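Structural overview
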Amino acid sequence: MAVEASGKLNVSDDEDGPVIFKRSNTASKKNQLNLEVPPSNGQNSGVQKGKVVQSVKASPTKSFVGISKASTSHVNTSNVKSPLANLKASSSGDKSRPPLEHKMLNAVKEEKDCIKHLSKDNFEDSEDEDNKPLSARLKMNSNHTSKATPVVQKTSEDSDDDDDLPLSARLSRNVGTSGSKYNDSDQKKHLSKVQKDGSSASIKQEKMSTVSVKRPLDKTNSLHSSAKKPKLSDPTSSMKSKQVSIKPEPKVDDDDDHIPISQRLAKSSASGNKSSSVKKVVKAVKVNKAGSASFKKQVKNLKKSGKNSEYSKSTKLLPSSGDGQKKWTTLVHNGVIFPPPYQPHGVKMLYKGKPVDLTPEQEEVATMFAVMRDTDYMQKDRFKDNFWSDWRKLLGRNHVIQNLKDCDFTPIYDWYQGEKEKKKQLSSEEKKVLKEEKAKQEEKYMWAIVDGVKEKVGNFRVEPPGLFRGRGEHPKMGKLKRRIHPSDITINIGKDAPIPECPIPGESWKEIRHDNTVTWLAFWNDPINPKMFKYVFLAASSSLKGQSDKEKYEKARMLKDYIGNIRAAYTKGFTSKDITRQQIAVATYLIDKLALRAGNEKDDDEADTVGCCTLKVENVTAEPPNKLKFNFLGKDSIRYENTVEVELPVYNAILKFQKEKGPGDDLFDQLDTSKLNAHLKELMPGLTAKVFRTFNASITLDDMLNKETKDGDVAEKIVVYQIANKQVAIICNHQRSVSKSHSAQMSRLTEKIDELQDALKELKTDLDRARKGKPPLKSADGKRKKNLTPDALEKKINQTNAKIEKMQRDMKTKEDLKTVALGTSKINYLDPRITVAWCKRHEVPIEKIFNKSLLAKFAWAMDVDPDFRF
DNA sequence: GCACGGACTTGCCCGAATGGTT
DNA sequence: AACCATTCGGGCAAGTCCGTGC
């Protein structure tokens, strides 16, 4: 954590005032984020423009419990940075606050573009609507909403807002309404199927885990959401208000750029802007309840501040907005650290039973192979073949070793195991020393100074050589990933910054660049696939990353305003006579409904996996009357297996796309991701396929949290969160392999339950006897038991029962989650503001949900208004 | 409009650290 | 304190999507 503060921080909460951060030495550790004191970066002497401020990503860790009333008091997390930095000056000793590059999400601009687009589009009705772009028909549909609900009528309960919900969420809302085909139990059934199938032992090997329902099926008509009026004409909709707020001037947001967050929050909500997010974060503004006069003064001051001011902002452009916009102004860092050179061990492997002499280079590669003995890769011929072919190049044609089959790496393997064991046996003192030594060596590489702010670097360690471990059936698995040298590495750094010293004497960097349109600090070509690059980026906790994260979620939120129309549009496309259009419609439907990935084309030298656009005929099986069974390997060769009920037109369209094709042919032969995304961009500015995943994940969380959270204790609320989290993970097909010890753990639990049940029986017998005034029987081990009263025995029985029930619940949860990975969605798909706001509303300490690194990563979200909804 | 280079996000796994239990 | 399960966080592979140039 990039916090340089020797004291602990305390979040203090004035009665109804702002939350401010105070230093407190007595603050109990419990509610404090453990703020580390990073060793000062001795490299700062070359700081450009002189100012260095610690980027404090750590969120205030005071739980929201104490500040949840703070619907009016917003903790500006970014504020946190500066006060902290101010508490103790950073290494430069300068307490001033640097400009933080807070580009604004130019959603507004984009929306403006979109409006332009929509209005210039041709919306006239024609005989054949299929000839119109979906975007055009979209508008039309929304103006004739009844047309867009061909399948099932919406019930009166369906509110306009339904469009904002994921299909799955809307399902439950429809439960019990007439015409609802699927009910809650269906949903549960689907979910439980996941669990059941997931228990198959082959999961790990085959990645065959079955995720039955990514998004529980809902009534088909919910897709249409036809009742929803186009937001464009809805005066109360946020979109409308956003549009209204769009001014022709390019600097739409300037007015409140410098307004403290709390003020702007109030402002934005007053203006009907749904977004409580802050476009620009002003650091170190102590939010106080000062009157508007002083507030205005503050704003004025901020506005006055020029380019060099600590409040000045850098570019506001979105990364996606094209022509090389600036990501930073000054950038200082120390380059990358290399793995240590190879230390030959001299242990001789055997060839045809005889020891073989190897050069250090040959031995190094042999060792890489030897130590992989216990992995699944050793069962794969491709791995061994690739290894052999690369190793043989090192050995040379005339080497005594002529084939891999006769190689015995056991001596090296044993040596390695011994080394591992030695390391394990080190005393904790010794381990600590080693760790500190390593940290000391790495310290200088851990930080970069971006526009005067000290930020953590993500992956400053150059990847060591090794054997390539591709996932799934990767054609290149086992190939030698050669060592990377300074001459492979391009460094990106500020023009005025000192060029990092090359850490390997006598060698030098490949190239030095000063490109401030990109965020990488260094890159090298991937030795396995030289067309690809390996980048060194800033850590997730950095402002740069935080900013784009926020933009991602803002874009997904924007989709909420468009989703109704988009669904109406693709529904129309299902029956289009234009095959491309029809395929686009069906693909968009699948991406929306099932949260599928886009599915880019892949090279032959990659594992054979697919996404939506690259689905093969064989990946989808039609099951009459209207079910589709999906079965394919997706990203990371994780199997996606799901049978879903779809709208009949979709079902028929799929049948049509499959007609006269072989199993390996493309289902969507007219489609690729660029066409699909180009189309999506017509519907909403910046819209791409992956936005649907973010949208669906976040809206599901938001909806489930808000529906399911009941009054109760914190533990119960956390369970609600975990259930929602799990639901999202299932939707996104985030899987994990079953832990090796899973079955052992389960049987241990079963054993314990059995023991408890035996004890229960005994207690019941004793109770019977006690009621009859008889003493208890001797226990199984022959010991005499205390003579308890019936009341005491009853109490014990109840306790035991409760214990058994809890253990059974735990077991079930464990089994349920054994193949579900919750982390991925938390890190990548769930808008943290949903979580933070929910925590504030329900007095759940945020630390119960976000760990230290998530708190740092989501620092930008911590000040969200408790009323925030996705 | 397409191929390709390039930049960035997403995703699973595994070893280390942490935390709970006996 | 030893043991075991869980969580954390790094590692790096594998995606998405953009821009460019032909």
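Every value quoted in this text rests on a predicted model; they were computed, and no experiment measured them.

Procedures and definitions
- Residues numbered from 1 in each chain as written.
- Chains lettered and ligands numbered in written order.
- Predicted model: local features only at pLDDT ≥ 70, side-chain atom pairs only at ≥ 80, totals over all residues.
- Heavy atoms only, no water.
- Helix = DSSP H or I, 4+ residues; strand = E, 2+ residues; numbered from the N terminus.
- Buried < 20%, exposed > 50% of the residue type's maximum accessible area, 1.4 Å probe, protein only.
- Contact = heavy atoms within 4.5 Å.
- Areas by Shrake-Rupley, 256 points an atom, 1.4 Å probe, with all protein chains shown as cover.
- Near = heavy atom within 4 Å.
- Polar contact = N/O pair within 3.5 Å; in protein donor to acceptor, adjacent residues only side chain to side chain.
- Salt bridge = Lys/Arg side-chain N within 4 Å of Asp/Glu carboxyl O.
- Axes fitted to C-alpha atoms, helices over the stretch in contact; angles between N-to-C directions.
- Parallel < 35°, antiparallel > 145°, perpendicular 65-115°, else oblique.
- Left-handed = near helix turned anticlockwise from the far one by under 90°.
- Nonpolar A, V, L, I, M, F, W, Y, C, P; charged D, E, K, R; others polar.
- UniProt positions renumbered as here; feature names shortened; annotations may be inferred.
- Core = buried A, V, L, I, M, F, W, Y, C linked by side-chain atoms within 4.5 Å.
- Pairing = 2+ DSSP bridges.
- Expected span 1.5 Å × (residues − 1).
- Phe/Tyr/Trp six-rings, centres within 6.5 Å; stacked < 30°, edge-to-face > 60°.
- Lys NZ or Arg CZ within 6 Å of the ring centre and 35° of its normal.

Secondary structure assignment for chain A yields 24 helices and 18 strands. Across the 870 residues in chain A, those meeting the buried criterion constitute 53%. Sequence separation of 24 or more characterises 72% of the internal contacts of chain A that already satisfy a separation of 6 or more. Accessible surface, chain A as shown: approximately 40,200 Å² in total, 51% of it carbon and sulfur.

This paragraph deals with the protein's contact with DNA strand C. Among the 31 residues in the neighbourhood of DNA strand C, the closest are listed as Arg471, Lys534, Lys602, Arg748 and Ser853. The share of sugar and phosphate among atoms of DNA strand C within 4 Å of the protein is 89%. Thr609 places a side-chain nitrogen or oxygen 3.0 Å from a phosphate oxygen of DNA strand C. Here a phosphate oxygen of DNA strand C and a side-chain polar atom of Asn851 are 3.4 Å apart. Looking at the surface near DNA strand C, the elements that each hand over two or more residues are α17 (673-683), α18 (689-708) and α20 (742-771).

What follows concerns the pattern of salt bridges. The full count for this structure, using the stated rule, is 28 salt bridges. Put simply, Asp702 and Arg869 hold a salt bridge, and the shortest N to O gap is 2.7 Å. Placement of the pair is Asp702 in helix α18 and Arg869 in the segment after α24 (852-857), with a sequence separation of 167 residues. You can call Arg869 partly exposed: its relative accessible area is 37%. Through salt bridges that share partners, Glu554, Arg557, Asp831 and Arg833 make up one connected network.

It is worth spelling out the packing of helix α15 (residues 579-594) against helix α16 (residues 648-658) at this point. In the contact formed by α15 and α16, the axes pass within 11 Å of each other and the chain directions differ by 125 degrees. Relative to α16, the element α15 lies oblique. By crossing handedness, the relation of α15 to α16 is classed as left-handed. Residues Ile579, Gln582, Gln583, Val586 and Tyr589 of α15 form the contact with α16, whose own contacting residues are Val650, Ala653, Ile654, Lys656 and Phe657. Grouping the constituent residues of the contact of α15 with α16 by class yields seven nonpolar, two polar and one charged.

This paragraph deals with the UniProt feature "active site" (unreviewed entry) in chain A. The residues that UniProt annotates with the feature "active site" (unreviewed entry) are Tyr829. Tracing the backbone shows Tyr829 in the loop between α22 (823-828) and α23 (832-842). Judged by its relative accessible area of 15%, Tyr829 is buried. Sequence-distant contacts of Tyr829, defined by excluding residues within four places in its chain, comprise Tyr553, Arg693, Thr694, Ala697, Ser698, Cys732, His734 and Thr824.

Leu559, Leu590, Leu615, Phe630, Phe668 and Phe850 are the most contacted members of the largest nonpolar core, which has 78 residues in total. When residues in this core are grouped by element, the largest group, nine residues, is from α18. When neighbours within four sequence positions are excluded, Phe850 is seen to be in contact with Tyr721, Lys826, Pro832, Thr835, Val836, Leu855, Phe858 and Met862. In terms of nonpolar packing, the next biggest core, distinct from the first, is built from 26 residues, Val332, Ile484, Ile493 and Ala497 among them.

Among the structural elements, His734 can be located in the loop between α19 (714-731) and α20. Not counting residues within four places of it along the chain, the set of residues in contact with His734 comprises Arg693, Ala729, Thr819, Val820, Ala821, Thr824, Ser825 and Tyr829.

For sheets, the rule is that strands pair by backbone hydrogen bonds, running either parallel or antiparallel. Taken in spatial order, the three strands make up an open sheet running β6-β5-β7, and their pairing is antiparallel. Each edge of the open sheet carries a strand with a single partner, namely β6 (354-355) and β7 (407-408). Relative to β7, strand β5 (residues 350-351) is paired through two bridges, and the arrangement is antiparallel. Looking across to β7, one finds that Leu350 is bridged to Asp408.

Attention now moves to the sheet that holds strand β18 (residues 639-645). Spatial ordering of the open sheet is given by β16-β17-β18, a layout of three strands whose pairing is antiparallel. With partners counted over all chains shown, the strands left at the sheet margins are β16 (620-623) and β18, one partner each. Across the sheet, the axes of successive neighbouring strands diverge by a mean angle of 10 degrees, strand direction being ignored. Running at roughly 100 degrees to β18, α15 makes contact with β17 (627-633) and β18 of the sheet. Against the sheet, α16 touches β16 and β17, its axis set at about 125 degrees to β16.

All right, on to unusual backbone geometry then. With an omega of 5 degrees, the peptide bond between Pro624 and Pro625 qualifies as cis. Position of Pro625 among the secondary structure elements: in the loop between β16 and β17. Backbone geometry places Glu660, a non-glycine residue, at a positive phi of 60 degrees. With respect to the element layout, Glu660 can be found in the loop between α16 and α17.

Here we come to the pairing of β18. With six of its seven residues buried, β18 lies for the most part within the structure. Sheet topology places β17 next to β18; seven bridges connect them, and they run antiparallel. Paired with Phe630 across the strands is Asn642, a residue of β18.

Another point: α20. For α20, spanning 30 residues, the distance from its first C-alpha to its last is 43 Å, which sits close to the expected 44 Å at 1.5 Å a residue. All buried positions along α20 are accounted for by His742, Met746, Leu749, Ile753, Leu756, Leu760, Leu763, Asp766, Leu767 and Ala770. Residues of α20 that are buried make contact with α21 (790-817).

A word on the packing of aromatic side chains. Think of a pair of aromatic rings as described by two things: how far the centres are apart, and how the planes are tilted against each other in angle. For the structure on display, the rule yields 24 aromatic pairs. By way of ring pairs, the aromatic residues Phe369, Tyr377, Phe383, Phe387, Trp388, Trp391 and Phe409 are connected into one cluster. Over the ring of Tyr413 we find Arg373; its NZ or CZ atom is 4.1 Å from the centre of that ring. Positioned above the aromatic ring of Phe537 is the side chain of Lys545, whose terminal nitrogen or guanidinium carbon lies 4.3 Å from the ring centre.

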